[in-house]
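Descriptive analysis of the structure
Residue-level listing of the chains:
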Amino acid sequence: QVQLVESGGGLVQAGGSLRLSCAASVRTFSSYAMGWFRQPPGKEREFVAAISGSGGRTNYADSVKGRFTISRDNAKNTVYLQMNSLKPEDTAVYYCNAARYYSDYVTLSDLYDYWGQGTQVTVSS
């Protein structure tokens, strides 16, 4: 069983930055691919970014490329999402998730076995 706890959400003005963190309670953290999804108000959940267990491979949604960076610290069992140049359309609940392997399907929510409870990010215009 993997428990994921997100933190770092909040209210920020457009153009600002936030860094989300996700702490995982699992001994084999480096074996898991990690991802971030988000659910804007009134919309379906969507893929944001993913990273392989070693950190050597990453994948981003087109809407966040060049603005968001996913990274991980396997010594701390933590994955991060650095969000820069935030826009009002980035407003959403952001979820951290873990998958047993990294693949070409990391953009699909079905790949992930564990989910965090979510953290709210609100970007004001």
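Scroll up for the structure.
Residues numbered from 1 in each chain as written. Predicted model: local features only at pLDDT ≥ 70, side-chain atom pairs only at ≥ 80, totals over all residues. Heavy atoms only, no water.

With that settled, the discussion passes to the nonpolar core. One finds L4, M34, W36, V79, L81, M83 and Y94 to be the most contacted residues of the largest nonpolar core, which totals 40 residues. Broken down by secondary-structure element, the contributors of at least two residues to this core are β3 (18-25), β4 (33-39), β5 (46-51), β7 (68-73), β8 (78-83), β9 (92-99) and β11 (119-124). Apart from the residues within four sequence positions on either side, L4 is in contact with C22, A23, A24, M34, C96, N97, A98, Y114, W115, G116 and Q117. (Core = buried A, V, L, I, M, F, W, Y, C linked by side-chain atoms within 4.5 Å. Buried < 20%, exposed > 50% of the residue type's maximum accessible area, 1.4 Å probe, protein only. Helix = DSSP H or I, 4+ residues; strand = E, 2+ residues; numbered from the N terminus. Contact = heavy atoms within 4.5 Å.)

A word on the pattern of salt bridges. Scanning all chains against the criterion turns up five salt bridges. Note that E46 and R38 form a salt bridge whose closest N and O atoms lie 2.6 Å from each other. Residue classification places R38 among the buried residues on the basis of a relative accessible area of 3%. One salt bridge connects K65 with D62, and the closest N-O pair in it is separated by 3.2 Å. (Salt bridge = Lys/Arg side-chain N within 4 Å of Asp/Glu carboxyl O.)

Before going further, it helps to spend a moment on the state of the cysteines. In this structure the tally under the stated criterion is one disulfide. In this model C22 forms its disulfide with C96; the gap between the sulfur atoms is 2.0 Å. Linking C22 and C96, the disulfide has an S-S dihedral of approximately -75° and is accordingly described as left-handed. Placement of C22 in strand β3 and of C96 in strand β9 is noted, with a sequence separation of 74 residues between them. Both residues of the pair, C22 and C96, count as buried. (Disulfide = S-S within 2.5 Å.)

We now examine the packing of aromatic side chains. Applying the stated rule across the entire model yields six aromatic pairs. Centre to centre, the rings of F37 and Y112 are 5.4 Å apart; their planes meet at 80°, and the pair counts as edge-to-face. Here Y112 lies in the loop between β9 and β10 (114-115) and F37 lies in strand β4, a separation of 75 residues in the sequence. Overall, the relative accessible area of 6% leaves Y112 in the buried class. Among the aromatic residues, those joined into a ring-pair cluster are F37, F47, Y95, Y112 and W115. The ring of Y95 has R45 sitting right over it, with the charged end atom 4.1 Å from the ring centre. Between R72 and the ring centre of F29, over which it is positioned, the NZ or CZ distance is 4.4 Å. (Phe/Tyr/Trp six-rings, centres within 6.5 Å; stacked < 30°, edge-to-face > 60°. Lys NZ or Arg CZ within 6 Å of the ring centre and 35° of its normal.)

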